[in-house]
Every structure is written in C-alpha cells, then in structure tokens.
Amino acid sequence: MTVTPAHLRTLASRAEALTAEVRALCGGAPNGSPEHDHLAMARLAADWLSRGAEDLQRAAADLARLQSQPCGLPWRVCPEHGNTLSSGAGVSTCRVCRRTWTYDRPGQPCPEPVTWKVIDRAGTETRMCAGHVLGARAAAAGATFIHLDEGAQV
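Below or above, wherever it landed, is the structure these notes cover. (Residues numbered from 1 in each chain as written. Predicted model: local features only at pLDDT ≥ 70, side-chain atom pairs only at ≥ 80, totals over all residues. Heavy atoms only, no water.)

**Here we look at the sheet that holds strand β6 (residues 144-147)**
Thinking step 1. One open sheet accounts for three strands, arranged β5-β4-β6; its pairing is antiparallel. Across the chains shown, the open sheet's two edge strands, defined by having one partner strand only, are β5 (125-128) and β6. Neighbour-to-neighbour, the strand axes of this sheet turn through a mean angle of 20 degrees, independent of strand direction. (Pairing = 2+ DSSP bridges. Helix = DSSP H or I, 4+ residues; strand = E, 2+ residues; numbered from the N terminus. Axes fitted to C-alpha atoms, helices over the stretch in contact; angles between N-to-C directions.)

**Here's the deal with the sheet that holds strand β1 (residues 85-88)**
As a general point, the strands of a sheet are linked pairwise by backbone hydrogen bonds and lie either parallel or antiparallel.
Thinking step 1. An order of β1-β2-β3 is seen for the three strands of this open sheet, with the pairing classed as antiparallel. The sheet terminates laterally at β1 and β3 (100-101), the two strands that pair on one side only.

**Brief notes about the packing of aromatic side chains**
Thinking step 1. What the rule picks out here adds up to zero aromatic pairs.
Thinking step 2. For the cation-ring pair, R51 lies above W48, with the distance from its terminal atom to the ring centre recorded as 4.7 Å.
Thinking step 3. The side chain of R137 reaches across the aromatic face of W116, ending 4.9 Å from its centre. (Phe/Tyr/Trp six-rings, centres within 6.5 Å; stacked < 30°, edge-to-face > 60°. Lys NZ or Arg CZ within 6 Å of the ring centre and 35° of its normal.)

**Regarding the pairing of β1**
Thinking step 1. When β1 meets strand β2 (residues 91-94), the two strands line up antiparallel, connected through four bridges. Opposite S87, over in β2, you have S92 as the bridge partner.
Thinking step 2. Adjacent in sequence and paired antiparallel, β1 and β2 are bridged by two residues, among which A89 carries a positive phi angle near 55 degrees.

**Considerations on the pattern of salt bridges**
Thinking step 1. Throughout the structure, instances matching the rule amount to six salt bridges.
Thinking step 2. The salt bridge partner of R105 is E112, with a shortest N-O separation of 3.2 Å.
Thinking step 3. Classification of R105 as buried rests on a relative accessible area of 2%.
Thinking step 4. On the basis of relative accessible area, E112 is assigned to the partly exposed category, the value being 21%.
Thinking step 5. For the salt bridge of E125 with K117, the shortest nitrogen-to-oxygen distance reads 3.8 Å.
Thinking step 6. Among the charged side chains, a network of salt bridges with common partners joins K117, E125 and R127. (Salt bridge = Lys/Arg side-chain N within 4 Å of Asp/Glu carboxyl O. Buried < 20%, exposed > 50% of the residue type's maximum accessible area, 1.4 Å probe, protein only.)

**Concerning the environment of W75**
Thinking step 1. Among the secondary structure elements, W75 is positioned in the loop between α3 (40-67) and β1.
Thinking step 2. Judged by its relative accessible area of 36%, W75 is partly exposed.
Thinking step 3. Sequence separation between W75 and A140 is 65 residues, and the spatial gap between their C-alpha atoms is 18 Å.
Thinking step 4. In contact with W75, not counting residues within four places along its chain, are P106, Q108, P109, C110 and H132. (Contact = heavy atoms within 4.5 Å.)

**Observations concerning the state of the cysteines**
Thinking step 1. Here the structure, examined in full by the defined rule, presents zero disulfides.
Thinking step 2. Of all cysteine sulfurs, the one in C129 lies closest to C71, which takes part in no disulfide; the gap is 3.9 Å.
Thinking step 3. Note on C110: no disulfide assigned, nearest cysteine sulfur contributed by C129 at a separation of 3.7 Å.
Thinking step 4. Note on C110: relative accessible area 2%, which makes it buried. (Disulfide = S-S within 2.5 Å.)

**Focus: the pairing of β5**
Thinking step 1. Of the pairings in the sheet, the one linking strand β4 (residues 116-119) to β5 comprises four bridges and is antiparallel in character. Following the sheet pairing, K117 is matched in β5 by R127.
Thinking step 2. Following β4, the chain reverses through five residues before pairing antiparallel with β5; G123 in that reversal takes a positive phi of roughly 95 degrees.

Written as structure tokens, this is what we have:
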C-alpha cells in the first residue's frame with residue numbers, strides 16, 4: 001500500500017473527531033465530582049490525540065511537497081498525450097492536440113509534477129508525470145502503476 005497525503009489527512013480527521021468526542025464526554029463531569037478526577041487521564045489522552053492529529057497534518061503536507069517534485073526525466077512530452085511531440089525549427093508540436101511550444105521541448109528535462117509511481121518487475125521505482133506514464137504503460141510490461149494522491153500536486 002502506498003501512503004498518500006489523503007490517507008494521512010483522513011487519519012488526522014479521525015484523530016480530531018476522537019479528540020472532540022473524548023473532550024465532550026469528559027467535560028460533562030462536574031468539577032469536584034469523583035468522576036472528574038478519574039477522567040484526568042482521559043483528558044490527557046485527548047491532548048495527545050490532538051497533538052497526533054497536528055503531526056499527521058504536518059506529515060501529509062510534507063509528503064505532498066515531496067510528491068510534487070518535478071518528473072525530471074531527461075526529455076519532455078505533451079502533458080496530456082505523452083510521447084507525441086515532433087520538433088523542428090525550434091518549435092515542438094503535439095501530433096495529437098496540436099499544442100505548440102516555442103522551444104525544443106524533447107531536448108530538456110521534464111518539469112511536470114510527479115503524479116505516478118511506477119515499479120518495474122525488478123522492483124525499481126520511478127516517479128513520473130502523467131505524460132510519461134502513457135509511454136511507460138506501453139513499454140514496461142509487468143510493471144505496477146500507482147497513481148499518487150491528487151493533493152500531492154498542491
């Protein structure tokens with residue numbers, strides 16, 4: 001299973017909800033009552049849950065930043081159609097959508113955000129953008145393709 005920022009945010013939300021539930025339950029015991037003193041550990045647990053929720057939110061943000069790194073493969077592709085570019089006279093054109101770029105796009109490293117993790121049969125992991133995955137699906141028989149969380153692109 002691949003951990004995504006969405007997984008961590010979901011866990012943080014559950015911890016926040018549990019924190020609120022424990023605090024509401026323990027807050028109903030009046031000061032000076034026998035229950036109030038015995039619920040001190042439960043209130044302390046709610047504080048720890050609250051801190052855990054904050055830590056999970058920070059971890060989700062850190063993971064999203066890590067996953068938003070550029071693809072970095074040594075050639076660029078059309079972000080929507082993959083390896084469909086033709087180049088000439090300093091202009092690159094997608095043969096599918098006809099989008100153009102006024103530079104030699106295939107001759108430069110890919111700046112598109114990583115949205116996929118590809119694991120080949122040997123276990124080698126490569127992170128790449130959606131455009132590069134289109135070509136990898138055709139070329140990497142037996143590979144595993146894992147779509148990363150959309151929130152990772154933020």
